[in-house]
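Residue-level listing of the chains:
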Amino acid sequence: MHRHLSFFPRLQKLGIVCSLFLAPLCSQLFAQRLSQNVVPEHYVLTLTPDLVAAKFTGSETIDVKLAAPANVITLNAAEILFNTVTATIADKDYPAQVSLDADKEQATFTFAQALPAGNVKLKIAYSGILNGELRGFYLSKTARRNYAVTQFEPTDARRAFPSFDEPAMKATFDITVVADKNDTVISNTNVIADTPVSPAKHAVHFETTPRMSTYLVAFLVGDFACTSGEADGVPIRSCATPDKVEEGRYALSAAEFVLHYYDTYFGIKYPVPKLDMIALPDFEAGAMENFGAITYRETDLLIDEKTASEAARENVAEVVAHEMAHQWFGDMVTMDWWDNIWLNEGFATWMERKPVNAWKPEWKVPESVAQSLTSVLNLDSGKATRTIRAEANTPDQINEMFDGITYEKAGAVLDMVENYVGEETFRKGVHDYLAAHIYGNATAEDFWNTQTSVSHKPVDKIMISFVTQAGAPLLTFDRANNGRVSITQERFFLDPKDNTGGDQSWTLPVCFKAPSGSSDNAHCEILQSAQQQLPIPSAPFFYGDSGATGYYRAAYDPADYKRILANIETGLKPTERITFVGGQFALTRAGQSSIGDYLNLAAALKDDQTPTVLDTVQEALNTTRSEIAASPRDITALDAWIRRTYGASYAKLGAPSKGDPLEKRELRATLMSILGNANDPAAVEQAKAITQQRLANIESVDPTISGTALYIAARHGDSALFDQLLNSFETVNDPVQRESALHALSIFRDPALEKRMLDYATSGKVRNQDAATVFALGLRDASTRDVTWQYVQDNWARVKAQMTTASGGYLVGATGSFCSADKQEEVARFFAAHKLPATETALVRAQQNISACADLRAEQGPRLDQWIAAQPSLGATQSAVGGR
C-alpha cells in the first residue's frame with residue numbers, strides 16, 4: 001500500500017513545511033489472533049451489492065482443514081449480519097450458533113458436537129453495509145453515481161466477508177459479483193463467465209486466484225472505463241470513471257515499462273494473467289497492491305499530459321512502480337505477520353525508484369532518494385521513534401505501522417545494504433528469496449539470511465542491527481590521517497535533552513570517498529563497535545559517506561570539515577551534497593553546531609545548479625524561520641538576508657520558458673519558492689501574475705513553476721483569488737489541478753478566508769480523503785496555526801466527522817508544529833479528551849516535536865541574533881529580484 005504522503009514532499013519543495021507522523025505502536029495482548037487449529041484453503045464468494053441502499057448480501061463457502069477436533073471455529077467479521085452458518089463434512093450438515101465479539105472483530109461458530117479433524121466446508125449466508133469509511137466494502141461517490149469498491153489492507157476484508165483475515169492464512173478465491181447489467185465488475189483475475197440473472201442484473205464470475213492473503217482480495221463495481229496495453233504478453237488496463245479514462249494513459253505507459261523491468265530484475269514472470277489499475281473517486285490511501293487489481297487515489301494514477309508537471313508525472317510513475325513491486329514482494333511472497341510489514345513496504349519504497357530512474361533518468365531520482373534519507377533520519381532521531389519491526393496485534397496497532405519508519409527507514413536501510421554488497425549480488429539475493437517462498441509467507445530472517453548466503457557478507461548482522469534497534473547512529477570521525485580514521489558511534493537525537501546516555505551501537509557499512517573513478521562501494525568497511533579504527537583510501541579530502549546511502553549522521557573534525565567545504569561543489573556528487581547539507585542542519589538542531597555556521601554554508605551553496613540541493617537548503621531555511629527566529633524582527637532580518645543571498649542567482653535564470661531544460665526550470669521554481677517565502681515583493685508579484693495566467697489558460701504556463709507560483713500567490717492572496725481557486729476546485733475535472741487548488745485554498749493567511757476554508761472543509765463539499773489535509777496545512781503554517789487550532793477545538797464534532805482511519809494521524813501529527821510549553825499542554829489535554837483511533841503515538845511524536853522546537857529556539861535563537869547582528873546592512877528590505 002502506498003500511503004497518501006506524496007503531496008507533502010511536493011509542498012515542501014514549495015516552501016510549505018509539512019511532516020506527517022502516522023504513529024507506531026504500543027504493546028497489548030495477542031487477544032485478536034486466530035487459532036492455528038483451523039486453516040483456510042479455498043473461498044467461494046458471491047456478493048450482491050445494492051449501490052442505492054448502500055448494503056450488500058453475500059454467500060460463501062470456505063474449505064478449511066481442522067488440525068484437531070473442535071466444536072468451535074473463530075474467524076474475523078466486522079459489521080456483518082449472519083443469516084445461517086453450516087459446517088458440511090461428507091455431505092452431512094452441522095448447523096452453528098454464532099456469537100460476535102465486536103471489540104475483537106471476531107465471530108465464533110459453536111457446534112452441538114465436535115467436528116472431526118480434517119476437511120470441513122463452512123457455508124455462510126450473511127449481509128453487510130457499504131460503508132462511508134473508505135475501508136472494507138464501501139461506497140465511492142461522484143456527483144453522477146455511486147460505486148462499490150474495496151480497501152482491505154490491513155484488517156478490513158472482514159467487513160466484506162467473514163474470513164481468516166491474517167496474512168499467513170493464505171487461500172485461493174473464486175469470486176462472483178452480481179451487479180446491475182450496465183455495470184463493469186473488476187476483481188483480481190480474468191472474467192471467465194458473465195451471465196444475465198434477471199432483466200436488470202448480471203453475474204460476473206472470475207478465474208480462481210493464486211494462493212494469497214485476504215487483504216489482497218478486491219472487487220469493484222461501477223461504470224468503469226479502461227484503456228488497454230500490454231507488456232511481456234500480460235494485458236494491462238488503466239481504468240477510471242468514464243470522464244477521466246483518457247487521463248490514465250500515462251500511467252499505462254509507465255506500467256508497461258515497469259512490468260518488463262520487474263520481469264527481468266526478479267527473474268520471475270509477473271504472477272497473474274492480467275494487471276488492472278483502477279482510479280477511485282474516494283480512496284484513503286495513495287494506492288493498494290491488490291493482486292492483479294491495483295486501486296489508486298485519482299491523483300496517483302490520472303494526469304492531464306498537456307498540463308501536468310514533471311513532479312506529477314514522477315509521482316504517478318513511482319506509485320505505479322511501488323504497487324507493481326508488491327505483486328512479487330508482498331503479494332506473491334507475503335510477510336508472516338504485520339510486525340514485518342516493513343518487509344513489504346520498505347522493499348517497495350526502495351524498489352520503486354529503480355524502474356522509474358531507468359525509464360526517466362532526467363528526473364534524477366537518486367537525488368530525491370537522498371533527500372528522503374535526510375528526512376527519515378530526522379524522523380528517526382526523536383525519542384518517540386520505534387524499531388522497524390515492532391509489536392502489532394490489534395487493528396489500531398497495525399494501522400499505526402504504516403508510517404515513515406516502515407516505508408522510508410526500511411527502504412533506506414535496504415539501499416545502504418545494496419550499495420555495500422553490490423547491485424547484482426543484492427538482486428540475486430532478492431530472486432533467491434522470492435523463489436524459495438513463492439506463493440507463501442516469509443519472515444525478515446528469511447530475507448536477510450538469503451542475502452547473507454548470496455553475498456558472503458554480514459548482511460544479517462547489519463539488518464538485525466537496524467531492524468531491532470530504534471533510532472539513528474551519529475558517527476564522529478576523528479582527524480583522518482596515515483590511512484586510518486577513528487570513529488565513535490552513538491545514538492543521535494535532534495533534541496539533545498533526549499540523550500540520556502546509555503549504550504547503543506550498530507553494525508553498519510561505512511563507505512569512504514575515494515579518488516575519482518572509484519565506485520561508491522569500492523572502499524566500504526564494517527563498523528561494529530562503539531569505537532573503532534578503520535582504514536581509508538588515499539583521496540584529495542576525507543568524506544565518510546560515499547554514495548550518500550549511509551543510514552547515519554556524520555560529524556567531522558574541523559580540518560576535515562573545512563576540506564569538505566572547499567571541495568563541496570567539485571568533489572561531492574549532488575546526492576552527497578544533499579545528505580551533507582541535511583546532516584549539517586541536523587547537527588545544528590542537536591546543538592552541535594551554530595545556526596550561523598549553517599547559514600554560512602547555505603550562502604556558499606547559493607549558486608548550486610542542482611535544484612534538490614537548494615531545496616534541501618530551503619527546508620532548513622524554513623525551519624530556521626519558523627522555529628529558531630524568536631521575534632518578528634529576526635524574521636524580517638532573516639528574510640532580508642535570504643533575498644540578498646539568493647536574489648542574484650534567481651535573476652540570472654531569466655524569465656520562465658517552456659523551452660528551458662528541465663533542471664533549469666526546476667532550479668527557477670526552487671529559487672522562486674525561497675524568495676517568495678522570504679516575502680520578496682517582485683517574486684510575490686511574479687507569482688501572482690503566473691497564477692492569473694494559469695487560471696486563464698493553464699496550458700500557457702510552464703507547469704514546473706506554476707505550482708510554486710500558485711502557493712506563493714495564495715499565501716499573499718485576497719478574497720478575489722480565493723473565489724477564483726474555489727471555483728477551480730469545484731469545476732475543474734483534472735484531479736491533480738483540483739488537489740492543487742484545494743491545497744492553495746488551505747494556506748491563505750487572511751483569518752477570514754482561513755475560517756471560510758475550514759467551514760468549507762467540514763461542509764461535506766470536500767471528500768473525507770482530503771479534508772484532513774486542509775487542517776494539517778493550516779496547523780503547519782505559523783500564520784494560520786492559531787486560527788486553525790481554535791477552529792478544531794470549537795468545531796470538533798464537524799472536524800472529527802471528516803477523519804478516516806489514516807487521516808486522524810495527519811491532524812494529530814500536525815499539532816507538533818507548535819513551539820511552546822503552553823501549547824504542548826493544551827494539545828495534550830485536548831486529545832486526551834477527544835481521541836481518534838490509531839493516533840496514540842502520533843500524539844506522542846507531536847508532543848515531542850513541540851518540546852524539541854522550544855528547546856531549539858532556546859538554544860539557537862540567541863545564536864541567530866548574534867549572527868544577524870554581525871551581518872552588514874541586513875536591515876535592507878528591497879527586492880533582490882527587482883534590483884536594488
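Let us look at the structure shown here. Owing to the predicted nature of the structure, the values given are computational and were not obtained by experimental measurement. (Residues numbered from 1 in each chain as written. Predicted model: local features only at pLDDT ≥ 70, side-chain atom pairs only at ≥ 80, totals over all residues. Heavy atoms only, no water.)

### Section: the state of the cysteines
- Under the defined criterion, the tally for this structure stands at three disulfides.
- In this model Cys511 forms its disulfide with Cys524; the gap between the sulfur atoms is 2.0 Å. The sign of the S-S torsion, about 100 degrees, decides the handedness of the disulfide formed by Cys511 and Cys524: right-handed. Pair noted here: Cys511 is in strand β24 (residues 508-511) and Cys524 is in strand β25 (residues 524-527), with a separation of 13 residues, a long-range link.
- Paired by a disulfide, Cys819 and Cys853 hold their sulfur atoms 1.9 Å apart. Where Cys819 bonds to Cys853 through sulfur, the torsion about that S-S bond is close to -95 degrees, and the disulfide is left-handed. In this pair, Cys819 sits in the loop between α27 (807-814) and α28 (821-833) while Cys853 sits in helix α29 (residues 840-870), placing the two residues 34 residues apart along the sequence. In this pair, the class of Cys819 matches that of Cys853, namely buried. (Disulfide = S-S within 2.5 Å. Helix = DSSP H or I, 4+ residues; strand = E, 2+ residues; numbered from the N terminus. Buried < 20%, exposed > 50% of the residue type's maximum accessible area, 1.4 Å probe, protein only.)

### Some details on the packing of aromatic side chains
- In this structure the tally under the stated criterion is 52 aromatic pairs.
- Between Phe56 and Tyr126, the aromatic rings sit 6.3 Å apart at their centres with planes inclined by 85 degrees, giving edge-to-face as the arrangement. With Phe56 in strand β2 (residues 55-66) and Tyr126 in strand β7 (residues 118-129), the pair connects residues that are 70 residues apart, well separated along the chain.
- For Phe56, a relative accessible area of 1% corresponds to the buried category.
- We classify Tyr126 as buried; its relative accessible area is 1%.
- Pairing Phe426 with Phe447 gives two aromatic rings, centres 6.2 Å apart and planes at 75 degrees, and the pair type is edge-to-face. Remark: Phe447 occurs in helix α10 (residues 444-455) and Phe426 occurs in helix α9 (residues 423-436); sequence separation between them is 21 residues. With respect to class, Phe426 is no different from Phe447; both count as buried. (Phe/Tyr/Trp six-rings, centres within 6.5 Å; stacked < 30°, edge-to-face > 60°.)

### Looking at the nonpolar core
- Counting 201 residues, the largest nonpolar core has Phe161 and Phe164 as its most contacted members.
- Listed in part, the 46 residues of the second largest apolar core include Leu721, Ala771, Val792 and Trp796. (Core = buried A, V, L, I, M, F, W, Y, C linked by side-chain atoms within 4.5 Å.)

None of this, on its own, says anything about what the molecule does.
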